[in-house]
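Each chain, letter by letter, is given below.
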Amino acid sequence: MNTALAIVSIIAALAMGAISPGPSFVLVARTAAAAGRREALATALGLGCGAFTFAVMALFGLHAVFVAVPWAYAALKLCGGAYLIYLAYRIWRSARQPLPSLALADPSADARRPYLRAYFRGLATQLSNPKTAIVFASVFAALMPEHPAMAFYLVVPVAAFAIDAGWYTIVSCVLSSAAPRAVYLRYKALIDRLAGSIMGLLGLKLISMVRE
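In this text, all values refer to a predicted model and were calculated from it rather than measured experimentally. (Residues numbered from 1 in each chain as written. Predicted model: local features only at pLDDT ≥ 70, side-chain atom pairs only at ≥ 80, totals over all residues. Heavy atoms only, no water.)

Caption draft 1: Spotlight on the nonpolar core. Of all hydrophobic cores here, the largest spans 20 residues; its most connected members are Ile10, Leu14, Phe136, Phe140, Phe152, Val156 and Ala160. Residues within four places of alanine 160 in sequence aside, it is in contact with Leu14, Ala51, Ala55 and Phe136. (Core = buried A, V, L, I, M, F, W, Y, C linked by side-chain atoms within 4.5 Å. Buried < 20%, exposed > 50% of the residue type's maximum accessible area, 1.4 Å probe, protein only. Contact = heavy atoms within 4.5 Å.)

Caption draft 2: Inspection of the packing of aromatic side chains at higher detail. Enumeration according to the criterion identifies four aromatic pairs in this entry. With 5.0 Å between their ring centres and 75° between their planes, tyrosine 119 and phenylalanine 120 make a pair best called edge-to-face. Taking the ring centre of tryptophan 92 as reference, the NZ or CZ of arginine 193 above it sits at 5.3 Å. (Phe/Tyr/Trp six-rings, centres within 6.5 Å; stacked < 30°, edge-to-face > 60°. Lys NZ or Arg CZ within 6 Å of the ring centre and 35° of its normal.)

Caption draft 3: View of a positive patch on the surface. Positive charge collects at one region of the surface, where Arg90, Arg93, Arg113 and Arg117 lie side by side. Where the positive patch is concerned, the elements lending two or more residues are helix 5 (70-93) and helix 6 (113-127). Checked against the element boundaries, arginine 93 lands in helix 5. According to the relative accessible area criterion, arginine 93 is partly exposed, its value standing at 47%. (Patch = residues over 30% accessible without salt bridge, like charges linked within 9 Å, V, L, I, M, F, W, Y side chains within 5 Å. Areas by Shrake-Rupley, 256 points an atom, 1.4 Å probe, with all protein chains shown as cover. Salt bridge = Lys/Arg side-chain N within 4 Å of Asp/Glu carboxyl O. Lys, Arg positive; Asp, Glu negative; His and termini not counted. Charge placed at Lys NZ, Arg CZ, Asp CG, Glu CD. Helix = DSSP H or I, 4+ residues; strand = E, 2+ residues; numbered from the N terminus.)

Caption draft 4: Seen up close, the environment of valine 158. When you line up the elements, valine 158 lands in helix 8 (residues 150-175). For valine 158, a relative accessible area of 47% translates into the label partly exposed. Separated by 106 residues in the primary sequence, valine 158 and phenylalanine 52 place their C-alpha atoms 6.6 Å from one another.

Caption draft 5: Fine view of the packing of helix 9 (residues 178-186) against helix 10 (residues 188-208). With their axes 5 Å apart at the nearest point, helix 9 and helix 10 run at an angle of 95° to one another. One finds that helix 9 runs roughly perpendicular with respect to helix 10. Contacts from Val183, Tyr184, Leu185 and Arg186 in helix 9 reach Lys188, Ile191 and Asp192 in helix 10. Its residues assigned to classes, the contact of helix 9 with helix 10 shows four nonpolar, no polar and three charged. (Axes fitted to C-alpha atoms, helices over the stretch in contact; angles between N-to-C directions. Parallel < 35°, antiparallel > 145°, perpendicular 65-115°, else oblique. Nonpolar A, V, L, I, M, F, W, Y, C, P; charged D, E, K, R; others polar.)

Caption draft 6: Representation of helix 8. The terminal C-alpha atoms of helix 8, which comprises 26 residues, lie 39 Å apart, in line with the 38 Å expected from a rise of 1.5 Å per residue. Where helix 8 is buried, its residues contact helix 1 (3-19), helix 2 (23-35), helix 3 (37-59), helix 6 and helix 7 (130-143). (Expected span 1.5 Å × (residues − 1).)

Caption draft 7: Structural context of the pattern of salt bridges. Evaluated as defined, the whole model comprises two salt bridges. In this structure, the salt-bridge partner of arginine 30 is aspartate 192, at a minimum N-O distance of 3.1 Å. Placement of the pair is arginine 30 in helix 2 and aspartate 192 in helix 10, with a sequence separation of 162 residues. Note that lysine 188 is salt-bridged to aspartate 192, the shortest N-O span being 3.0 Å. A residue pair is termed a helical-turn pair when its members lie 3 or 4 positions apart in one helix, as lysine 188 and aspartate 192 do in helix 10 at four residues. We note that lysine 188, like aspartate 192, is buried.

This is the structure:
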(Lines give C-alpha, C1' and ligand atoms only; values in the text may rest on other atoms or scores of the structure.)
Protein backbone atom coordinates (compact mmCIF):
# COMPACT_ATOMS: atom_id res chain seq x y z
CA MET A 1 0.00 0.00 0.00
CA ASN A 2 1.49 3.35 -1.01
CA THR A 3 1.68 6.29 1.39
CA ALA A 4 -1.18 8.34 -0.08
CA LEU A 5 -3.60 5.40 -0.08
CA ALA A 6 -2.58 4.47 3.47
CA ILE A 7 -3.21 8.02 4.69
CA VAL A 8 -6.65 8.16 3.07
CA SER A 9 -7.58 4.72 4.47
CA ILE A 10 -6.48 5.59 7.99
CA ILE A 11 -8.29 8.94 7.92
CA ALA A 12 -11.50 7.22 6.81
CA ALA A 13 -11.20 4.57 9.54
CA LEU A 14 -10.48 7.14 12.26
CA ALA A 15 -13.38 9.32 11.12
CA MET A 16 -15.79 6.40 11.45
CA GLY A 17 -14.45 5.73 14.92
CA ALA A 18 -14.73 9.38 15.97
CA ILE A 19 -18.40 9.75 15.08
CA SER A 20 -19.46 6.52 16.80
CA PRO A 21 -21.23 7.28 20.12
CA GLY A 22 -19.22 6.87 23.29
CA PRO A 23 -18.12 8.67 26.48
CA SER A 24 -16.52 11.51 24.48
CA PHE A 25 -19.83 12.32 22.80
CA VAL A 26 -21.71 12.22 26.10
CA LEU A 27 -19.13 14.53 27.68
CA VAL A 28 -19.19 17.09 24.86
CA ALA A 29 -22.97 17.01 24.53
CA ARG A 30 -23.53 17.67 28.22
CA THR A 31 -20.80 20.32 28.39
CA ALA A 32 -22.31 22.14 25.40
CA ALA A 33 -25.79 22.16 26.90
CA ALA A 34 -24.77 22.86 30.48
CA ALA A 35 -21.74 25.15 30.21
CA GLY A 36 -22.05 26.61 26.74
CA ARG A 37 -20.14 26.63 23.50
CA ARG A 38 -16.75 27.85 24.71
CA GLU A 39 -16.26 25.17 27.34
CA ALA A 40 -17.51 22.53 24.89
CA LEU A 41 -14.99 23.77 22.31
CA ALA A 42 -12.24 23.54 24.94
CA THR A 43 -13.34 19.96 25.60
CA ALA A 44 -13.25 19.25 21.86
CA LEU A 45 -9.70 20.61 21.72
CA GLY A 46 -8.69 18.27 24.55
CA LEU A 47 -10.23 15.31 22.73
CA GLY A 48 -8.35 16.29 19.57
CA CYS A 49 -5.06 16.45 21.46
CA GLY A 50 -5.78 13.03 22.92
CA ALA A 51 -6.33 11.65 19.42
CA PHE A 52 -3.05 13.24 18.31
CA THR A 53 -1.28 11.54 21.24
CA PHE A 54 -2.73 8.13 20.38
CA ALA A 55 -1.74 8.59 16.73
CA VAL A 56 1.86 9.30 17.69
CA MET A 57 1.87 6.32 20.06
CA ALA A 58 0.40 4.06 17.36
CA LEU A 59 3.10 5.17 14.92
CA PHE A 60 5.69 3.99 17.41
CA GLY A 61 4.17 0.60 18.15
CA LEU A 62 1.19 0.88 20.50
CA HIS A 63 -0.23 -2.38 19.12
CA ALA A 64 3.07 -4.17 19.73
CA VAL A 65 3.09 -2.95 23.33
CA PHE A 66 -0.41 -4.31 23.99
CA VAL A 67 0.56 -7.67 22.49
CA ALA A 68 3.87 -7.92 24.37
CA VAL A 69 2.58 -6.54 27.68
CA PRO A 70 -1.07 -7.63 28.11
CA TRP A 71 -1.30 -6.12 31.58
CA ALA A 72 -0.73 -2.66 30.10
CA TYR A 73 -4.01 -2.90 28.19
CA ALA A 74 -5.75 -4.33 31.27
CA ALA A 75 -4.44 -1.42 33.35
CA LEU A 76 -5.71 1.06 30.75
CA LYS A 77 -9.19 -0.51 30.89
CA LEU A 78 -9.18 -0.44 34.70
CA CYS A 79 -8.06 3.20 34.92
CA GLY A 80 -10.39 4.25 32.12
CA GLY A 81 -13.36 2.54 33.76
CA ALA A 82 -12.58 4.14 37.12
CA TYR A 83 -12.33 7.59 35.52
CA LEU A 84 -15.68 7.22 33.74
CA ILE A 85 -17.33 6.14 37.00
CA TYR A 86 -15.84 9.21 38.68
CA LEU A 87 -17.28 11.44 35.94
CA ALA A 88 -20.63 9.66 36.29
CA TYR A 89 -20.65 10.36 40.03
CA ARG A 90 -19.87 14.05 39.46
CA ILE A 91 -22.62 14.42 36.85
CA TRP A 92 -25.22 12.52 38.91
CA ARG A 93 -24.39 14.47 42.08
CA SER A 94 -24.90 17.82 40.33
CA ALA A 95 -28.12 16.76 38.55
CA ARG A 96 -30.41 18.83 40.79
CA GLN A 97 -28.03 21.73 41.25
CA PRO A 98 -28.89 24.86 39.22
CA LEU A 99 -26.36 26.09 36.70
CA PRO A 100 -24.18 28.87 38.10
CA SER A 101 -25.19 32.31 36.93
CA LEU A 102 -22.54 34.21 35.01
CA ALA A 103 -23.82 37.37 36.63
CA LEU A 104 -22.85 36.00 40.04
CA ALA A 105 -19.42 34.84 38.99
CA ASP A 106 -16.46 36.23 40.91
CA PRO A 107 -14.90 38.87 38.63
CA SER A 108 -11.52 38.29 40.29
CA ALA A 109 -11.53 34.61 39.32
CA ASP A 110 -9.27 33.48 36.50
CA ALA A 111 -11.53 33.48 33.44
CA ARG A 112 -9.38 30.83 31.80
CA ARG A 113 -9.84 28.29 34.57
CA PRO A 114 -13.15 26.75 33.39
CA TYR A 115 -11.76 26.36 29.88
CA LEU A 116 -8.56 24.75 31.13
CA ARG A 117 -10.62 22.33 33.23
CA ALA A 118 -12.80 21.56 30.22
CA TYR A 119 -9.71 21.01 28.05
CA PHE A 120 -8.05 18.63 30.51
CA ARG A 121 -11.34 16.81 31.11
CA GLY A 122 -11.56 16.17 27.37
CA LEU A 123 -7.92 15.13 27.19
CA ALA A 124 -8.25 12.77 30.17
CA THR A 125 -11.46 11.25 28.79
CA GLN A 126 -9.78 10.53 25.46
CA LEU A 127 -6.55 9.12 26.92
CA SER A 128 -8.42 6.92 29.43
CA ASN A 129 -10.60 5.34 26.73
CA PRO A 130 -9.21 1.89 25.82
CA LYS A 131 -11.61 1.68 22.88
CA THR A 132 -9.85 4.65 21.31
CA ALA A 133 -6.44 3.16 22.08
CA ILE A 134 -7.27 -0.18 20.46
CA VAL A 135 -8.90 1.49 17.44
CA PHE A 136 -5.75 3.48 16.77
CA ALA A 137 -3.49 0.50 17.43
CA SER A 138 -5.50 -1.83 15.19
CA VAL A 139 -5.98 0.67 12.35
CA PHE A 140 -2.29 1.53 12.23
CA ALA A 141 -1.22 -2.11 12.48
CA ALA A 142 -3.49 -3.03 9.56
CA LEU A 143 -3.01 -0.02 7.27
CA MET A 144 0.43 1.40 7.97
CA PRO A 145 2.77 0.91 4.98
CA GLU A 146 5.82 -1.29 5.49
CA HIS A 147 8.12 1.62 4.63
CA PRO A 148 6.17 4.85 5.22
CA ALA A 149 7.37 8.09 3.68
CA MET A 150 8.14 10.99 6.01
CA ALA A 151 4.86 12.63 4.93
CA PHE A 152 2.98 9.76 6.58
CA TYR A 153 4.50 10.55 9.99
CA LEU A 154 3.71 14.24 9.58
CA VAL A 155 0.20 14.06 8.12
CA VAL A 156 -1.48 11.27 10.10
CA PRO A 157 -1.19 12.68 13.65
CA VAL A 158 -2.38 16.10 12.45
CA ALA A 159 -5.28 14.44 10.61
CA ALA A 160 -6.20 12.48 13.76
CA PHE A 161 -6.31 15.73 15.73
CA ALA A 162 -8.39 17.46 13.05
CA ILE A 163 -10.91 14.61 12.83
CA ASP A 164 -11.70 14.46 16.55
CA ALA A 165 -11.44 18.18 17.25
CA GLY A 166 -13.46 18.96 14.12
CA TRP A 167 -16.24 16.48 14.81
CA TYR A 168 -16.68 17.54 18.42
CA THR A 169 -16.54 21.20 17.39
CA ILE A 170 -19.59 20.50 15.22
CA VAL A 171 -21.29 18.73 18.14
CA SER A 172 -20.42 21.65 20.43
CA CYS A 173 -21.88 24.24 18.08
CA VAL A 174 -25.07 22.30 17.41
CA LEU A 175 -25.86 21.34 20.99
CA SER A 176 -24.96 24.71 22.52
CA SER A 177 -27.48 26.58 20.36
CA ALA A 178 -30.62 28.04 21.92
CA ALA A 179 -33.12 25.23 21.32
CA PRO A 180 -31.05 22.29 22.67
CA ARG A 181 -29.90 24.41 25.61
CA ALA A 182 -33.50 25.33 26.48
CA VAL A 183 -34.46 21.65 26.44
CA TYR A 184 -31.51 20.84 28.69
CA LEU A 185 -32.36 23.57 31.19
CA ARG A 186 -35.96 22.34 31.34
CA TYR A 187 -35.02 18.70 31.92
CA LYS A 188 -31.61 19.15 33.53
CA ALA A 189 -32.04 16.64 36.35
CA LEU A 190 -33.31 13.92 34.03
CA ILE A 191 -30.69 14.54 31.33
CA ASP A 192 -27.82 14.70 33.83
CA ARG A 193 -28.90 11.46 35.46
CA LEU A 194 -29.20 9.80 32.07
CA ALA A 195 -25.74 11.06 31.06
CA GLY A 196 -24.31 9.97 34.42
CA SER A 197 -25.90 6.54 34.08
CA ILE A 198 -24.45 6.08 30.60
CA MET A 199 -21.00 7.12 31.80
CA GLY A 200 -21.23 4.82 34.80
CA LEU A 201 -22.36 1.83 32.73
CA LEU A 202 -19.53 2.40 30.25
CA GLY A 203 -17.08 2.53 33.14
CA LEU A 204 -18.42 -0.68 34.68
CA LYS A 205 -18.30 -2.37 31.29
CA LEU A 206 -14.62 -1.46 30.89
CA ILE A 207 -13.74 -2.74 34.36
CA SER A 208 -15.63 -6.00 33.68
CA MET A 209 -13.48 -6.49 30.56
CA VAL A 210 -10.16 -6.30 32.44
CA ARG A 211 -9.66 -10.08 32.36
CA GLU A 212 -10.50 -10.44 28.69
